[in-house]
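Each chain, written out:
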Amino acid sequence: MSNICKTVTLRRRLIKDGTQYSYYLDYYPGYRDPQTMKVQRHESLGIYTFAKPANQRERDFNERMAEKARAIRCRRYESIVNERYDFFDREKMKGDFLEYFRTSCAKHSTYWHDVYKHFEAFCQGKCRFDEIDVDLCNRFRDYLLHARQLLHDEHTLHVNTVSRYWSTFRAVLHTAYRERKIMENPNGYLERVEGIPTEKEHLSQPELIRLAGTPCDHEVLKKAFLFACLTGLRKSDIRQLRWENIQPYGDGGMYVTLRMQKTKELVNNPISREALELAGYDKDSPKTGLVFPGFKDKMTQTPLRNWIKAAGITKHITFHCSRHTFGSLQVNAGTSVYTVQHMLGHKNVSTTEIYSKMADESKRESVDRISLKPKPQMKVV
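Computed from a prediction, not measured in an experiment: that's the story for all the values here. (Residues numbered from 1 in each chain as written. Predicted model: local features only at pLDDT ≥ 70, side-chain atom pairs only at ≥ 80, totals over all residues. Heavy atoms only, no water.)

Caption draft 1: Just the overall build of the protein, in detail. Broken down by element type, the protein carries 15 helices and 6 strands. Counting across all 381 residues of the protein, residues that qualify as buried make up 37%. For the protein, the accessible area works out to roughly 23,700 Å², and carbon and sulfur atoms hold 50% of it. (Helix = DSSP H or I, 4+ residues; strand = E, 2+ residues; numbered from the N terminus. Buried < 20%, exposed > 50% of the residue type's maximum accessible area, 1.4 Å probe, protein only. Areas by Shrake-Rupley, 256 points an atom, 1.4 Å probe, with all protein chains shown as cover.)

Here it is in C-alpha cells:
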C-alpha cells in the first residue's frame, strides 16, 4: 500500500433490508493499487453478521466475525506502517512467487512461458517468495542443465537454451526485488551459464529471391517473413506493427517508427518500396490497424519449415533468421556497420559486427584478389 494512506478504520453498514451488517475497511486518504493503478478508499472484507441477533448462538457468531474483521484491520494497518517507515512487509513473503512469475509472463513473449513451465516443474507447483534464496536458485540452475525439452522430451536442453532460460529467470528475480516482493536479490551470488558461440544462420541473396518466388500455405507468414528480411524487425515487432507506425517524412520516403518490444529502443527506419508493396501499402487509400493481421506464432514453426523446404533450402531457418539475413546482406552490400547497428536497434556495435563475419560473398571475392598468375593485360618480363 502506498505511504500516502494514514489510517485504516473498520466500519460496517446495514444490508439486506437491515437484517445484516457488512464489514469493510475505510482507508484515508486512500491508497493506489499497484496492479490496477486505481486509488481505493474502501475494501469489503466479505464478513457479515446478524443486525438483530435472536439468541446467544447468533451473538457469539457476531463476536467471532467481528474479531476476525478487527484482525484483518490490524494486518492492513501494520502493512501501511511497514511501508511508511521502510520496513519490509513480511506478510508479502508468504505470497505466491509462482503466480507472480506466471503473471509476469503475460507481459513478455511465449519464450518466458517455457521458463515458467520448467520452474513450475522444478518446484512441483508451489513456491512462496520467502523460499527464494541462493540455494534454491542454484538448484534450479542445475535442474536446467539436465532438463529435457518440453516438446521433444527425448532430448535435453541445449546449453545455449539453458543460458537464455537462466538469464530470463534472473530477470524475474531482479524485477521481484525491485518491486519489493523479496527481501534480497540473489543475482549477486549466482553464476552465469555460458553459451557456446554459434553461427547466426541467414539466407543468401539468391536464396532469398528463390524463397520469395516459392508459394507458401500461409500468405501472411510469407509476407511477414519477407518484410522482416527487408526491414530487420523482430517477430515481436512484426506482430504489433500497425499502419500508424508507417508514416511519410519530409525527404519523400516512408519510415517505420516504433519502440522495439525486446530492447525498448526507439527506431526510426526508412522502408524500401519493395517492403511497402509486400505489406500492401496504398498511398491513395491509407489503412489503419495491424499491418499483418492474422499472423500467429504457431505459423513460425511447421508452416515456416515446410515453406523453406519447398524452396529447396536446407539451412535451419527460423523466423529470427530474417533479422540475421537483413544484417548480413546489408553489410555485404557495403552498408556501414554503424548504420546497420542503428537500423537493427543494437545497443552495442559489437553485436552488429558479427554480421561482418557473415559476409561470405565479400570473403569469396577477396580471396581472388591475390593471384600467382598474371592478369591478361599484364606482361611478364
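Caption draft 2: Spatial organisation of the pattern of salt bridges. Applying the stated rule across the entire model yields 11 salt bridges. In this structure, Arg 11 and Asp 26 form a salt bridge, with 2.9 Å as the shortest nitrogen-oxygen distance. Highlighted residues: Arg 11 in strand S1 (residues 7–15) and Asp 26 in strand S2 (residues 20–32), separated in sequence by 15 residues. Salt bridges sharing partners connect three or more residues here, namely Arg 11, Asp 26 and Arg 41. (Salt bridge = Lys/Arg side-chain N within 4 Å of Asp/Glu carboxyl O.)

Caption draft 3: Quick look at the packing of aromatic side chains. Evaluated as defined, the whole model comprises 23 aromatic pairs. Consider the rings of Phe 97 and Phe 101, whose centres lie 6.2 Å apart with planes at 55 degrees: the pair is tilted. Placement of the pair is Phe 97 and Phe 101 together in helix H2 (residues 97–105), with a separation of 4 residues, close to one helical turn. Each member of the pair, Phe 97 as well as Phe 101, is classed as buried. (Phe/Tyr/Trp six-rings, centres within 6.5 Å; stacked < 30°, edge-to-face > 60°.)

Caption draft 4: Seen up close, helix H3 (residues 110–122). An ideal rise of 1.5 Å per residue puts 18 Å on 13 residues; H3 measures up with 19 Å between its terminal C-alpha atoms. Among the residues of H3, Trp 112, Val 115, Tyr 116, His 118, Phe 119 and Phe 122 are the ones counted as buried. On an axial view of H3, the arc spanned by its buried residues comes to 160 degrees, and they lie on one face. Next to the buried residues of H3 lie H2, helix H4 (134–146) and helix H5 (159–178). Count one or two residues on from H3 and you reach Gln 124, which has phi positive near 55 degrees. (Expected span 1.5 Å × (residues − 1). Arc of directions from axis to C-beta. Contact = heavy atoms within 4.5 Å.)

Caption draft 5: Region of interest: the packing of H2 against H3. One way to put it is that H2 packs onto H3 with a least axis distance of 9 Å and a crossing angle of 165 degrees. Considered as vectors, H2 and H3 are oriented roughly antiparallel to each other. Of the two possible hands of crossing, H2 and H3 adopt the one that is left-handed. On H3, the residues that touch Phe 97, Leu 98, Phe 101, Arg 102 and Cys 105 of H2 are Trp 112, His 113, Val 115, Tyr 116, Phe 119 and Glu 120. Class assignment of the residues belonging to the contact of H2 with H3 gives a composition of 8 nonpolar, 1 polar and 2 charged. (Axes fitted to C-alpha atoms, helices over the stretch in contact; angles between N-to-C directions. Parallel < 35°, antiparallel > 145°, perpendicular 65-115°, else oblique. Left-handed = near helix turned anticlockwise from the far one by under 90°. Nonpolar A, V, L, I, M, F, W, Y, C, P; charged D, E, K, R; others polar.)

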